[in-house]
Amino acid sequence: MFKSRFMPCQACGASVDRSGRPRHECLPERRTDFEMFGLRDEIAQLEVEVSCYLATASGRFSSWLAARQVRRRS
Ligand SMILES: [Zn+2]
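As the structure is a prediction and not an experimental result, all values here were calculated from the model.

Criteria and cut-off values
For every chain, the first residue of the written sequence is number 1, and numbering continues from 1 onward in sequence order. Per-residue local features of the predicted model are confined to residues with pLDDT of at least 70, and side-chain atom pairs are confined, for both listing and counting, to 80 or more; whole-chain, interface and lining totals are unaffected and use all residues. Where side-chain values are given, they derive from all heavy atoms of the structure, hydrogens and water being excluded. By the criteria applied, helices consist of DSSP H or I runs no shorter than four residues and strands consist of E runs no shorter than two, each listed in order from the N terminus. The size measure is the radius of gyration over C-alpha atoms, and the globule rule it meets is 2.2 Å times the number of residues to the 0.38 power. Any residue under 20% of the maximum accessible area for its type is buried, any over 50% is exposed, and the rest in between are partly exposed; the area is computed with a 1.4 Å probe on protein chains only. Classification of ring pairs rests on two measures: the distance between centres of Phe, Tyr or Trp rings, Trp counted by its six-membered ring, which must be within 6.5 Å, and the angle between planes, read as stacked under 30 degrees, edge-to-face over 60 and tilted in between. Lysine NZ or arginine CZ positioned within 6 Å of the ring centre and within 35 degrees of the ring normal marks a charge as sitting over the ring. Counted as donors are N, O and S atoms no farther than 2.8 Å from the metal, or 3.2 Å for Na, K and Ca; water is not among the atoms, and sites may therefore look incomplete. Four donors are marked tetrahedral only if all angles between them lie between 85 and 135 degrees, whereas four are marked square planar and six octahedral if opposite donors are more than 155 degrees apart and the other angles lie between 65 and 115; the remainder are marked irregular. When a carboxyl oxygen of Asp or Glu lies within 4 Å of a side-chain nitrogen of Lys or Arg, that pair is called a salt bridge. Only residues whose relative accessible area exceeds 30% and that form no salt bridge are eligible for patches; like-charged ones are grouped when within 9 Å, while nonpolar side chains (Val, Leu, Ile, Met, Phe, Trp, Tyr) are grouped when within 5 Å. Here the open area of atoms and residues is found with the Shrake-Rupley method and a 1.4 Å probe, where only the protein chains shown may cover a residue.

Observations regarding the overall build of the protein chain
So, point 1. On a plain count of helices and strands, the protein chain comes out with 3 helices and 2 strands.
So, point 2. Its helices and strands taken in sequence order, the protein chain reads β-β-α-α-α from the N to the C terminus.
So, point 3. Taking 2.2 N^0.38 as the reference for a compact globule, 74 residues should give roughly 11 Å; the C-alpha atoms of the protein chain span a radius of gyration of 22 Å, well beyond that estimate.
So, point 4. Taken over the C-alpha atoms alone, the protein chain extends approximately 60 × 30 × 10 Å along its principal axes.
So, point 5. Taking all 74 residues of the protein chain together, the buried fraction comes to 8%.

Pasting the structure below:
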């Protein structure tokens, strides 16, 4: 079986040389993008849940109250 010289970093998804030279260090921006990509389904679900909440009476009141508080501060 063919074994690639490169493999993806488990933390950031970058293609990393198995020999370890040069030593791989995750770039913070790449790591964040990789983690956000892994959470994309949960993020999409959260957006749906927030939209559903904001459509309820309680959600509409919370939205109105937040807007009122922002107006008072400015
Ligand atoms: Zn990495």
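Having seen it, we continue.
Focus on the packing of aromatic side chains
So, point 1. If you walk through the whole model with that rule in mind, you get 1 aromatic pair.
So, point 2. Over the aromatic face of Phe 37 sits the side chain of Arg 40, whose NZ or CZ is 4.0 Å from the ring centroid.

Digging into the coordination of the zinc ion
When a metal holds four donors in a tetrahedron, each ideal angle between them is 109.5 degrees; when it holds six in an octahedron, the ideal angles are 90 or 180 degrees.
So, point 1. Protein-derived coordination of the zinc ion comes from Cys 9 (SG), Cys 12 (SG), His 24 (NE2) and Cys 26 (SG), at a distance range of 2.1 to 2.4 Å.
So, point 2. The coordination sphere of the zinc ion comprises 4 donor atoms, whose angles at the metal cover 104 to 117 degrees; the geometry is tetrahedral.
So, point 3. The sequence pattern describing where the donors of the zinc ion fall on their chain is C-x2-C-x11-H-x1-C. With a gap of 17 residues between them, Cys 9 in the loop between strand E1 (6–8) and strand E2 (15–17) and Cys 26 in the loop between E2 and helix H1 (28–38) connect regions that are remote in the sequence.
So, point 4. Note on Cys 26: relative accessible area 27%, which makes it partly exposed.

Considerations on the pattern of salt bridges
So, point 1. The tally for this structure, following the rule as stated, stands at 2 salt bridges.
So, point 2. Across the pair Glu 35 and Arg 31 runs a salt bridge, and its minimum N-O distance is 3.4 Å. On the criterion of helical spacing, the pair formed by Glu 35 and Arg 31 is a turn pair, its members being 4 residues apart in helix H1.
So, point 3. Residue classification places Glu 35 among the partly exposed positions, given a relative accessible area of 41%.
So, point 4. The class for Arg 31 is partly exposed, based on a relative accessible area of 38%.

Describing the environment of Phe 37
So, point 1. Tracing the chain through its elements places Phe 37 in helix H1.
So, point 2. For the pair Phe 37 and Val 48, spaced 11 residues apart in sequence, the C-alpha to C-alpha distance is 17 Å.

Some points on a nonpolar patch on the surface
So, point 1. Together, Leu 46, Val 50, Tyr 53 and Leu 54 make up an exposed nonpolar region whose accessible area comes to about 340 Å².
So, point 2. Secondary-structure assignment places Leu 54 in helix H2 (residues 40–54).

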